[in-house]
Amino acid sequence: MRSIATLSILLFLATPLFSQSINGRVSSAFYLYERDEAPSTSSLQARGYHSAVLNLNYDKYSLRTYLNYENHFNTSTESRMRVYNLFFEARKLFDVATLKIGRQPLITSVASGVFDGVSLNASYKWLGLDAYYGGNVPDNQKFEITDKWSEDYLLGGELKARLLPELTIAAGGFVKNFRPREYTVTRLDQAFNPISVLIQEKSNQFKFLQGRVSYDHGKAFQFNARYEYDLNYMKTSRIEFDGISSPVNKWNFNVYFNYLAPRIRYNSIFSVFDYANTTEIEVGAGYELTKHITLNGRVGVVTYQGDDASRFTVSANTNYGSLSYRKSMGYAGEQDNISLYLAKSFFDGVVTPSAGIAYTSYKLSKDAETNSLTTIMAGVNLRAIRWLSFDFQAQYLNNKIYKNDLRMFFKANYWFNTIF
């Protein structure tokens, strides 16, 4: 709780000095369910999830935060504070750059998540640059900073070129280094006597090069391609392609391809195992039956070492919800799933009820036992005031492991935007 208090004081002191406007969202959610602890004993569990998104803005400068607090009302489980974002942002510096300093999100194909450090996004005419450096975030997003920057860091960047208004080409690299861990375990010596052994992990690094190409010509044709190379193991790590086209009215077609090798840290013990790559391809099509109804279909195949798995999905999407059927077969197991989801707003969005039901039958292999799973959801969103909303939801689940499992969910959201 000390870190929460420190953070709250810092934000409170910064508000009158820094802010021209304050905006954000505060949410509180409560999750209730019953847990069976013995054949004839059960207990009611109650959890709370509270989040806050707060932005303090002054001209082209902002302080952005995203915090989450979890607590258990009727157990001795320790409460937990997560700091996802806490960074200072300066936009359009010299009309070319945006600078961020602090705990911030990172979204790349190789490594996505949160880090503590600095990032720079700059662009001039047709050329752009993204660069970042910082420390890895502690477990559970604690409000702490690593004390081993030389061992516990990430560093990367990407150079982008917009050769045409529709065409962008980019290339870059990424290094993520983890602090080696040490721990003691009990083992038996040659005389079968228990002794303590110090284990020192040597697996501590990812290092990749990557390149990508994107083309966007509106509804006519779009595609994104990416290539990643593992510098530690000197081999291709990923080849990915995603394209969509609408050559004729009311129709769209898409294709997805992905070749992926397991991502293993340098010097990891897992590198000695015989592991295989996977190749995935999926094609699909969509048809606009009416202004409010679209029909979609997809077929996919995943190839493993010596075996494969396939799947297909058909669905109908409308303004009131969706209906879909999915079937999977092969090495990854067999599954049939049908689901229906409906939602409709009334009174200009004041009341939005929703409901969903899904039935799934599955088995891990062709000759295994077939199991079934039924899920039902019903809820309502109330927003009588523009800046305040409430969500109520009941969730029911029934399968071999969870018999007649009923859970209740409640959430309150408060939006605010104050200008000084």
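Residues numbered from 1 in each chain as written. Predicted model: local features only at pLDDT ≥ 70, side-chain atom pairs only at ≥ 80, totals over all residues. Heavy atoms only, no water.

**Notes on the packing of aromatic side chains**
Phase 1 of the analysis: Within the structure shown, the criterion is met by 23 aromatic pairs.
Phase 2 of the analysis: Their ring planes at 45° and their centres at 6.2 Å tell us that Tyr 215 and Phe 221 sit as a pair that is tilted.
Phase 3 of the analysis: Among the aromatic residues, those joined into a ring-pair cluster are Phe 30, Phe 390, Phe 392 and Phe 410.
Phase 4 of the analysis: Directly above the ring of Tyr 33 sits Arg 407, whose terminal nitrogen or CZ lies 4.4 Å from the centroid. (Phe/Tyr/Trp six-rings, centres within 6.5 Å; stacked < 30°, edge-to-face > 60°. Lys NZ or Arg CZ within 6 Å of the ring centre and 35° of its normal.)

**A closer look at the pattern of salt bridges**
Phase 1 of the analysis: The final tally for this structure, using the stated rule, is 17 salt bridges.
Phase 2 of the analysis: Notably, a salt bridge pairs Arg 179 with Asp 152, separated by 4.0 Å at the nearest N-O pair. Placement of the pair is Arg 179 in the loop between β9 (167-177) and β10 (182-188) and Asp 152 in the loop between β7 (127-136) and β8 (153-162), with a sequence separation of 27 residues.
Phase 3 of the analysis: Salt-bridge contacts for Glu 280 lead to Arg 311; the nearest nitrogen and oxygen are separated by 2.6 Å. Highlighted residues: Glu 280 in strand β16 (residues 278-288) and Arg 311 in strand β18 (residues 307-318), separated in sequence by 31 residues. (Salt bridge = Lys/Arg side-chain N within 4 Å of Asp/Glu carboxyl O. Helix = DSSP H or I, 4+ residues; strand = E, 2+ residues; numbered from the N terminus.)

**Looking at the confidence of the model for the chain**
Phase 1 of the analysis: Taken residue by residue, the chain gives an average pLDDT of 86. The fraction at 70 or more is 89%.
Phase 2 of the analysis: Across residues 1-5, confidence stays below pLDDT 50; counting only partners more than four residues off in sequence or on other chains, it has 4 contacts. (pLDDT = per-residue confidence, 0-100. Contact = heavy atoms within 4.5 Å.)

**Re the environment of Gly 356**
Phase 1 of the analysis: Considering the arrangement of structural elements, one finds Gly 356 in strand β21 (residues 351-363).
Phase 2 of the analysis: For Gly 356, a relative accessible area of 15% translates into the label buried.
Phase 3 of the analysis: As a C-alpha pair, Gly 356 and Gly 379 span 23 residues in sequence and 9.1 Å in three-dimensional space.
Phase 4 of the analysis: Ignoring sequence-local partners within four residues, the contact set of Gly 356 consists of Leu 340, Tyr 341, Thr 375, Ile 376 and Met 377. (Buried < 20%, exposed > 50% of the residue type's maximum accessible area, 1.4 Å probe, protein only.)

**Some details on the environment of Glu 70**
Phase 1 of the analysis: Within the element layout of this structure, Glu 70 appears in strand β3 (residues 61-72).
Phase 2 of the analysis: According to the relative accessible area criterion, Glu 70 is buried, its value standing at 16%.
Phase 3 of the analysis: Distance in space between the C-alpha atoms of Glu 70 and Phe 30 is 10.0 Å, their sequence separation being 40 residues.
Phase 4 of the analysis: When neighbours within four sequence positions are excluded, Glu 70 is seen to be in contact with Gly 48, Tyr 49, Ser 79, Arg 80 and Arg 82.
Phase 5 of the analysis: A distance of 2.8 Å separates polar atoms of two side chains, one belonging to Glu 70 and the other to Arg 82. (Polar contact = N/O pair within 3.5 Å; in protein donor to acceptor, adjacent residues only side chain to side chain.)

**Some words on the nonpolar core**
Phase 1 of the analysis: Residues Ile 22, Leu 54, Leu 56, Leu 63, Leu 67, Met 81, Val 83, Leu 86 and Phe 416 constitute the largest nonpolar core, which totals 9 residues.
Phase 2 of the analysis: Among the secondary structure elements, those contributing two or more residues to this core are β2 (41-58), β3 and β4 (80-93).
Phase 3 of the analysis: The element contributing the most residues to this core is β4, with 3 residues. (Core = buried A, V, L, I, M, F, W, Y, C linked by side-chain atoms within 4.5 Å.)

**Considerations on the pairing of β9**
Phase 1 of the analysis: Extensive coverage of β9 is indicated by the burial of 9 of its 11 residues.
Phase 2 of the analysis: Between β8 and the antiparallel strand that follows it, β9, lie 4 residues.
Phase 3 of the analysis: Direction of pairing for β9 relative to strand β12 (residues 205-216): antiparallel, over a ladder of 11 bridges. Paired with Phe 174 across the strands is Phe 208, a residue of β12. (Pairing = 2+ DSSP bridges.)

**A closer look at the pairing of β18**
Phase 1 of the analysis: Pairing between strand β17 (residues 293-304) and β18: 12 bridges, direction antiparallel. Residue pairing in the sheet places Thr 294 in a bridge with Asn 317 of β18.
Phase 2 of the analysis: Connecting the antiparallel pair β17 and β18 is a turn made up of 2 residues, with Gly 306 showing a positive phi of about 80°.
Phase 3 of the analysis: Taken together, the 10 bridges between β18 and strand β19 (residues 321-330) define a ladder with antiparallel strand orientation. In the strand pairing of β19, Ser 310 is matched with Met 329.

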